Amino acid sequence: MAMSKAAKLPEEIIIDILSLLPAKFIGQYRCVSKQWCNLLSDPQFIKSHQNIHAHKGEEKLIYVSWFCELQTITFNHNPQNGIDIISRTLNLQQLSNSWVSVAGSCNGLVLVIKREEAKYMINPTTLEYHNIPNFDLALPVPGSCSMYGFGYDTLSDDYKVVTLSYYDSFDENEPAITDTFVDIYSLRKGLWKRLESSPYDHPLSDRASGVLVNGVLHWLVCRTSPYSFLIAAFHLSDEKFLEVAGPTGLGSNYSLCNLVVLRGCLCIFTGIGKDMDTVTCWMMKEYGVKESWTKFTITEPNLDRSMCTLLCSVTDDDVLLDIDEELVVYNMKENQRRDLMVDASLIMYEARTFMDSLISPSFVEGN
(Lines give C-alpha, C1' and ligand atoms only; values in the text may rest on other atoms or scores of the structure.)
Protein backbone atom coordinates (compact mmCIF):
# COMPACT_ATOMS: atom_id res chain seq x y z
CA MET A 1 0.00 0.00 0.00
CA ALA A 2 2.80 2.40 0.89
CA MET A 3 4.54 1.80 -2.42
CA SER A 4 1.28 2.34 -4.27
CA LYS A 5 0.77 5.74 -2.64
CA ALA A 6 4.37 6.74 -3.27
CA ALA A 7 4.01 5.87 -6.93
CA LYS A 8 1.16 8.38 -7.22
CA LEU A 9 3.21 11.30 -5.96
CA PRO A 10 3.53 14.04 -8.59
CA GLU A 11 6.86 13.97 -10.37
CA GLU A 12 7.76 17.50 -9.29
CA ILE A 13 7.34 16.55 -5.60
CA ILE A 14 9.57 13.51 -6.06
CA ILE A 15 12.19 15.73 -7.68
CA ASP A 16 11.95 18.28 -4.85
CA ILE A 17 12.45 15.55 -2.24
CA LEU A 18 15.37 13.94 -4.02
CA SER A 19 17.01 17.33 -4.56
CA LEU A 20 17.53 17.57 -0.80
CA LEU A 21 19.55 14.34 -0.64
CA PRO A 22 23.38 14.35 -0.66
CA ALA A 23 24.98 13.70 -4.04
CA LYS A 24 26.41 10.35 -2.96
CA PHE A 25 22.88 8.91 -2.62
CA ILE A 26 21.60 10.09 -5.99
CA GLY A 27 23.63 7.50 -7.88
CA GLN A 28 21.95 4.74 -5.87
CA TYR A 29 18.47 6.06 -6.57
CA ARG A 30 19.19 6.20 -10.30
CA CYS A 31 19.08 2.41 -10.15
CA VAL A 32 15.48 2.35 -8.87
CA SER A 33 13.94 2.56 -12.33
CA LYS A 34 14.58 3.88 -15.81
CA GLN A 35 12.24 6.79 -15.08
CA TRP A 36 14.19 7.78 -11.96
CA CYS A 37 17.46 7.41 -13.82
CA ASN A 38 16.25 9.86 -16.46
CA LEU A 39 14.91 12.25 -13.83
CA LEU A 40 18.08 12.26 -11.73
CA SER A 41 20.36 12.56 -14.76
CA ASP A 42 18.51 15.52 -16.23
CA PRO A 43 20.78 18.62 -16.48
CA GLN A 44 18.12 20.79 -14.85
CA PHE A 45 17.90 18.46 -11.84
CA ILE A 46 21.70 18.41 -11.53
CA LYS A 47 21.86 22.21 -11.65
CA SER A 48 19.02 22.54 -9.12
CA HIS A 49 20.71 20.03 -6.81
CA GLN A 50 23.97 21.98 -7.11
CA ASN A 51 22.30 25.29 -6.22
CA ILE A 52 20.65 23.79 -3.13
CA HIS A 53 23.77 22.17 -1.71
CA ALA A 54 26.26 24.88 -2.68
CA HIS A 55 25.04 27.04 0.22
CA LYS A 56 25.50 24.36 2.88
CA GLY A 57 29.26 24.84 3.02
CA GLU A 58 29.98 21.12 3.42
CA GLU A 59 33.50 21.02 2.07
CA LYS A 60 35.99 18.19 1.80
CA LEU A 61 39.71 18.21 1.12
CA ILE A 62 41.47 16.61 -1.85
CA TYR A 63 45.22 16.33 -2.26
CA VAL A 64 48.07 14.32 -3.76
CA SER A 65 49.90 12.04 -1.35
CA TRP A 66 53.59 11.19 -1.29
CA PHE A 67 52.64 8.02 -3.15
CA CYS A 68 51.17 10.10 -5.99
CA GLU A 69 47.65 8.99 -5.08
CA LEU A 70 44.57 11.20 -4.96
CA GLN A 71 43.12 11.23 -1.46
CA THR A 72 40.17 12.99 0.12
CA ILE A 73 39.38 13.95 3.69
CA THR A 74 35.84 14.31 5.03
CA PHE A 75 35.22 16.28 8.22
CA ASN A 76 32.68 14.97 10.72
CA HIS A 77 31.63 17.33 13.49
CA ASN A 78 31.33 15.27 16.66
CA PRO A 79 29.71 17.21 19.58
CA GLN A 80 31.63 15.13 22.12
CA ASN A 81 35.04 14.65 20.53
CA GLY A 82 35.22 17.71 18.32
CA ILE A 83 36.24 17.11 14.71
CA ASP A 84 36.81 13.65 13.28
CA ILE A 85 38.11 13.00 9.80
CA ILE A 86 37.73 10.15 7.34
CA SER A 87 40.28 9.65 4.58
CA ARG A 88 39.69 7.93 1.27
CA THR A 89 41.90 7.03 -1.67
CA LEU A 90 40.33 7.73 -5.06
CA ASN A 91 40.69 4.94 -7.59
CA LEU A 92 39.77 6.16 -11.05
CA GLN A 93 39.32 3.28 -13.47
CA GLN A 94 42.05 2.90 -16.10
CA LEU A 95 44.11 5.76 -14.65
CA SER A 96 47.40 5.07 -12.88
CA ASN A 97 48.42 6.83 -9.68
CA SER A 98 50.97 9.24 -11.11
CA TRP A 99 49.35 12.47 -9.97
CA VAL A 100 51.42 15.59 -9.41
CA SER A 101 49.07 18.26 -8.09
CA VAL A 102 45.49 19.39 -7.52
CA ALA A 103 45.28 22.56 -9.55
CA GLY A 104 41.75 23.83 -9.02
CA SER A 105 38.27 23.10 -7.72
CA CYS A 106 34.84 24.47 -8.59
CA ASN A 107 31.30 23.19 -7.99
CA GLY A 108 32.47 19.68 -7.21
CA LEU A 109 34.76 19.37 -10.23
CA VAL A 110 38.50 19.17 -9.61
CA LEU A 111 41.37 19.85 -12.01
CA VAL A 112 44.25 17.43 -11.38
CA ILE A 113 47.62 17.16 -13.11
CA LYS A 114 49.54 13.99 -13.90
CA ARG A 115 53.16 13.62 -14.90
CA GLU A 116 54.18 15.30 -18.16
CA GLU A 117 51.45 17.89 -17.53
CA ALA A 118 48.57 15.58 -18.50
CA LYS A 119 45.39 17.26 -17.29
CA TYR A 120 42.18 15.62 -16.07
CA MET A 121 38.88 16.98 -14.86
CA ILE A 122 37.42 14.66 -12.22
CA ASN A 123 34.38 14.45 -10.00
CA PRO A 124 35.61 12.88 -6.70
CA THR A 125 32.05 12.00 -5.70
CA THR A 126 30.94 10.13 -8.83
CA LEU A 127 34.51 9.12 -9.86
CA GLU A 128 33.83 10.32 -13.41
CA TYR A 129 36.72 11.91 -15.24
CA HIS A 130 37.53 13.67 -18.49
CA ASN A 131 40.91 13.95 -20.18
CA ILE A 132 41.66 17.49 -21.28
CA PRO A 133 43.47 17.33 -24.62
CA ASN A 134 46.88 18.88 -25.14
CA PHE A 135 47.08 22.29 -26.79
CA ASP A 136 49.01 22.51 -30.05
CA LEU A 137 50.69 25.74 -28.91
CA ALA A 138 51.58 24.48 -25.42
CA LEU A 139 55.22 24.93 -24.43
CA PRO A 140 57.32 21.77 -24.22
CA VAL A 141 57.33 20.27 -20.72
CA PRO A 142 61.13 20.10 -20.46
CA GLY A 143 62.38 23.67 -20.34
CA SER A 144 59.16 25.43 -19.36
CA CYS A 145 57.07 26.14 -16.27
CA SER A 146 53.29 26.06 -16.05
CA MET A 147 50.63 26.98 -13.51
CA TYR A 148 46.91 26.50 -13.75
CA GLY A 149 43.53 27.85 -12.78
CA PHE A 150 40.01 26.50 -13.05
CA GLY A 151 36.59 28.05 -12.56
CA TYR A 152 33.06 28.61 -13.80
CA ASP A 153 32.04 31.42 -16.13
CA THR A 154 28.47 32.34 -15.19
CA LEU A 155 27.89 34.46 -18.30
CA SER A 156 28.62 31.69 -20.78
CA ASP A 157 27.60 28.81 -18.45
CA ASP A 158 30.99 27.24 -19.07
CA TYR A 159 33.83 25.76 -17.06
CA LYS A 160 37.26 27.02 -18.07
CA VAL A 161 40.82 25.85 -17.50
CA VAL A 162 43.52 28.53 -17.60
CA THR A 163 47.19 27.72 -18.19
CA LEU A 164 49.96 30.24 -17.57
CA SER A 165 53.31 29.10 -18.98
CA TYR A 166 56.73 30.53 -19.64
CA TYR A 167 60.14 29.27 -20.68
CA ASP A 168 62.50 28.27 -17.92
CA SER A 169 65.20 30.93 -18.05
CA PHE A 170 67.71 28.46 -16.64
CA ASP A 171 67.43 26.17 -19.65
CA GLU A 172 70.06 27.22 -22.17
CA ASN A 173 68.49 25.08 -24.90
CA GLU A 174 65.34 27.21 -25.07
CA PRO A 175 65.02 30.76 -26.40
CA ALA A 176 65.22 33.58 -23.87
CA ILE A 177 61.54 34.49 -23.93
CA THR A 178 60.14 36.10 -20.81
CA ASP A 179 56.47 36.34 -21.83
CA THR A 180 53.93 34.43 -19.79
CA PHE A 181 51.57 32.79 -22.25
CA VAL A 182 47.89 32.57 -21.35
CA ASP A 183 45.92 29.65 -22.77
CA ILE A 184 42.31 28.89 -21.94
CA TYR A 185 40.25 25.75 -22.46
CA SER A 186 36.45 25.65 -22.68
CA LEU A 187 34.88 22.46 -21.33
CA ARG A 188 31.63 23.27 -23.13
CA LYS A 189 33.29 23.74 -26.53
CA GLY A 190 36.17 21.33 -25.99
CA LEU A 191 38.58 23.85 -27.48
CA TRP A 192 41.80 25.65 -26.50
CA LYS A 193 42.70 29.20 -27.49
CA ARG A 194 45.59 31.55 -26.76
CA LEU A 195 45.00 35.01 -25.33
CA GLU A 196 47.33 37.99 -25.04
CA SER A 197 50.38 37.37 -22.87
CA SER A 198 50.08 38.27 -19.22
CA PRO A 199 51.30 41.79 -18.35
CA TYR A 200 52.88 40.49 -15.10
CA ASP A 201 55.86 38.50 -13.97
CA HIS A 202 54.42 35.21 -12.70
CA PRO A 203 57.42 33.22 -11.43
CA LEU A 204 56.70 34.78 -8.02
CA SER A 205 53.76 32.38 -7.87
CA ASP A 206 56.22 29.48 -7.85
CA ARG A 207 53.93 27.44 -10.09
CA ALA A 208 51.05 27.91 -7.65
CA SER A 209 47.56 27.37 -9.00
CA GLY A 210 45.09 30.21 -9.27
CA VAL A 211 42.86 30.80 -6.25
CA LEU A 212 39.18 31.01 -7.20
CA VAL A 213 37.04 33.57 -5.38
CA ASN A 214 33.91 35.30 -6.66
CA GLY A 215 34.29 33.69 -10.09
CA VAL A 216 37.78 35.18 -10.46
CA LEU A 217 41.21 33.48 -10.42
CA HIS A 218 43.97 35.11 -8.39
CA TRP A 219 47.75 34.88 -8.43
CA LEU A 220 50.49 36.69 -6.54
CA VAL A 221 52.64 38.38 -9.17
CA CYS A 222 54.97 41.32 -9.58
CA ARG A 223 54.88 44.32 -11.85
CA THR A 224 58.18 44.84 -13.64
CA SER A 225 57.94 48.59 -14.16
CA PRO A 226 57.86 49.97 -11.58
CA TYR A 227 58.87 46.83 -9.68
CA SER A 228 56.21 45.96 -7.11
CA PHE A 229 54.20 43.00 -5.82
CA LEU A 230 50.45 42.71 -6.28
CA ILE A 231 47.45 40.39 -6.60
CA ALA A 232 46.49 39.75 -10.22
CA ALA A 233 42.88 38.77 -10.87
CA PHE A 234 41.89 36.92 -14.05
CA HIS A 235 38.20 37.31 -14.85
CA LEU A 236 36.81 34.22 -16.53
CA SER A 237 33.99 36.09 -18.28
CA ASP A 238 35.97 38.79 -20.11
CA GLU A 239 39.23 36.77 -19.96
CA LYS A 240 41.35 39.71 -18.86
CA PHE A 241 43.65 40.52 -15.95
CA LEU A 242 42.82 43.20 -13.41
CA GLU A 243 44.41 44.04 -10.05
CA VAL A 244 43.08 43.56 -6.53
CA ALA A 245 44.29 45.92 -3.83
CA GLY A 246 46.05 44.12 -0.99
CA PRO A 247 45.92 44.98 2.72
CA THR A 248 47.65 48.18 3.73
CA GLY A 249 49.25 46.66 6.81
CA LEU A 250 51.12 44.05 4.76
CA GLY A 251 53.06 46.58 2.74
CA SER A 252 54.29 45.56 -0.71
CA ASN A 253 56.41 42.51 0.06
CA TYR A 254 54.40 39.45 -0.99
CA SER A 255 57.40 37.24 -1.65
CA LEU A 256 56.75 35.10 1.46
CA CYS A 257 52.98 35.00 1.06
CA ASN A 258 50.44 32.50 -0.23
CA LEU A 259 46.89 33.03 -1.41
CA VAL A 260 44.19 30.81 0.08
CA VAL A 261 40.40 30.75 0.44
CA LEU A 262 38.63 30.68 3.79
CA ARG A 263 34.84 30.61 3.99
CA GLY A 264 34.63 31.89 0.43
CA CYS A 265 36.90 34.88 1.10
CA LEU A 266 40.25 35.70 -0.48
CA CYS A 267 43.06 35.47 2.07
CA ILE A 268 46.79 36.12 2.20
CA PHE A 269 48.74 33.76 4.43
CA THR A 270 52.19 35.02 5.38
CA GLY A 271 55.16 34.30 7.62
CA ILE A 272 56.35 37.90 7.52
CA GLY A 273 56.72 39.40 10.98
CA LYS A 274 59.00 39.74 13.97
CA ASP A 275 57.47 36.99 16.07
CA MET A 276 58.86 33.65 14.88
CA ASP A 277 56.01 31.72 16.53
CA THR A 278 53.29 33.58 14.65
CA VAL A 279 51.88 33.45 11.15
CA THR A 280 49.49 36.08 9.88
CA CYS A 281 46.43 35.83 7.68
CA TRP A 282 44.61 38.73 6.03
CA MET A 283 41.02 38.08 4.92
CA MET A 284 39.13 40.21 2.39
CA LYS A 285 35.67 39.94 3.93
CA GLU A 286 33.99 41.94 1.13
CA TYR A 287 35.44 41.11 -2.23
CA GLY A 288 37.03 44.03 -4.05
CA VAL A 289 36.82 46.36 -1.03
CA LYS A 290 40.31 47.24 0.18
CA GLU A 291 39.02 48.45 3.55
CA SER A 292 37.50 45.02 4.27
CA TRP A 293 40.90 43.30 4.71
CA THR A 294 40.93 41.94 8.27
CA LYS A 295 43.97 40.58 10.04
CA PHE A 296 44.18 37.57 12.35
CA THR A 297 47.14 35.58 13.64
CA ILE A 298 47.97 31.99 14.45
CA THR A 299 50.42 31.55 17.33
CA GLU A 300 52.11 28.22 17.92
CA PRO A 301 55.23 27.63 20.09
CA ASN A 302 58.31 26.55 18.14
CA LEU A 303 56.50 27.08 14.88
CA ASP A 304 58.59 26.77 11.74
CA ARG A 305 56.78 29.27 9.55
CA SER A 306 58.34 27.92 6.38
CA MET A 307 56.72 24.53 7.11
CA CYS A 308 53.22 25.83 7.89
CA THR A 309 50.43 25.89 5.31
CA LEU A 310 46.85 27.02 5.79
CA LEU A 311 44.60 24.49 4.05
CA CYS A 312 40.98 25.39 4.75
CA SER A 313 38.40 26.38 7.34
CA VAL A 314 36.61 23.60 9.21
CA THR A 315 34.25 25.70 11.36
CA ASP A 316 33.87 29.42 11.98
CA ASP A 317 36.63 29.24 14.59
CA ASP A 318 38.71 26.28 13.39
CA VAL A 319 41.15 26.12 10.50
CA LEU A 320 43.09 23.16 9.17
CA LEU A 321 46.87 23.56 9.03
CA ASP A 322 49.63 21.45 7.60
CA ILE A 323 52.51 21.97 10.05
CA ASP A 324 55.64 20.12 9.07
CA GLU A 325 53.61 17.40 7.33
CA GLU A 326 51.18 16.96 10.21
CA LEU A 327 47.50 17.90 10.02
CA VAL A 328 46.44 20.22 12.82
CA VAL A 329 43.08 21.78 13.66
CA TYR A 330 43.76 25.21 15.14
CA ASN A 331 41.05 27.07 17.06
CA MET A 332 41.65 30.76 16.44
CA LYS A 333 39.29 31.86 19.20
CA GLU A 334 41.05 29.88 21.95
CA ASN A 335 44.51 29.75 20.30
CA GLN A 336 44.64 26.00 20.74
CA ARG A 337 45.69 23.19 18.41
CA ARG A 338 44.60 19.60 18.09
CA ASP A 339 46.60 17.07 16.11
CA LEU A 340 44.59 14.87 13.79
CA MET A 341 45.25 11.20 13.34
CA VAL A 342 44.87 10.42 9.65
CA ASP A 343 45.07 6.93 8.21
CA ALA A 344 46.35 8.35 4.95
CA SER A 345 49.54 9.38 3.27
CA LEU A 346 51.11 12.75 3.89
CA ILE A 347 50.09 15.73 1.83
CA MET A 348 52.53 16.43 -0.97
CA TYR A 349 51.34 19.46 -2.88
CA GLU A 350 48.44 21.88 -3.16
CA ALA A 351 45.48 20.54 -1.24
CA ARG A 352 42.12 21.94 -2.33
CA THR A 353 38.61 21.92 -0.96
CA PHE A 354 35.69 20.56 -2.93
CA MET A 355 32.02 19.79 -2.40
CA ASP A 356 29.96 16.75 -3.34
CA SER A 357 28.34 17.30 -6.70
CA LEU A 358 26.56 15.53 -9.55
CA ILE A 359 28.10 17.66 -12.31
CA SER A 360 29.79 15.63 -14.99
CA PRO A 361 33.38 16.53 -15.93
CA SER A 362 32.43 15.78 -19.55
CA PHE A 363 30.73 19.16 -19.69
CA VAL A 364 29.61 19.61 -23.31
CA GLU A 365 27.03 21.57 -25.26
CA GLY A 366 23.58 20.65 -24.00
CA ASN A 367 24.57 19.75 -20.41
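The chain carries the name F-boxkelch-repeat protein in an unreviewed UniProt entry, which gives Nicotiana attenuata as its organism.

S.K.: How should I be thinking about the nonpolar core in this particular structure?
M.R.: When a protein is soluble and globular, its nonpolar side chains tend to lie buried together. Counting residues in each nonpolar core, the largest one holds 24 residues, and the members touching the most others are Leu111, Met121, Ile132, Phe150, Tyr159 and Val161. Listing elements by their share of this core, those giving two or more residues are α2 (11-19), α3 (23-29), α5 (43-54), β4 (99-106), β5 (109-114), β8 (144-153) and β9 (158-167). At three residues, the largest contribution of residues to this core is made by β5. Two domains each donate at least three residues to this core, and these are domain 1 (13-45) and domain 2 (57-354). The residues touching Phe150, leaving out its near neighbours within four places in the chain, are Gly104, Ser105, Cys106, Leu109, Leu111, Met121, Tyr159, Lys160, Val161, Leu212 and Leu217. Counting 18 residues, the second-largest nonpolar core is a separate cluster that includes Leu262, Cys265, Val279 and Tyr330.

S.K.: Teacher, can you tell me more about the sheet that holds strand β21 (residues 318-323) here?
M.R.: Each strand in a sheet pairs with another by means of backbone hydrogen bonds, the pair being arranged parallel or else antiparallel. A sheet is described by the order of its strands in space; here four strands give the open sequence β20-β21-β22-β23, paired in antiparallel fashion. Looking at the sheet topology across the chains shown, the edges are occupied by β20 (308-313) and β23 (336-339). Going from strand to strand, the sheet's axes swing by 30° on average, the running direction of each strand aside. Where β20 lies against β21, five bridges are found, and the strand directions are antiparallel. Paired with Cys308 across the two strands is Ile323, which belongs to β21.

What counts, and where the lines are drawn
Residues numbered from 1 in each chain as written. Predicted model: local features only at pLDDT ≥ 70, side-chain atom pairs only at ≥ 80, totals over all residues. Heavy atoms only, no water. Core = buried A, V, L, I, M, F, W, Y, C linked by side-chain atoms within 4.5 Å. Buried < 20%, exposed > 50% of the residue type's maximum accessible area, 1.4 Å probe, protein only. Helix = DSSP H or I, 4+ residues; strand = E, 2+ residues; numbered from the N terminus. Domains from an automatic or database assignment. Contact = heavy atoms within 4.5 Å. Pairing = 2+ DSSP bridges. Axes fitted to C-alpha atoms, helices over the stretch in contact; angles between N-to-C directions.

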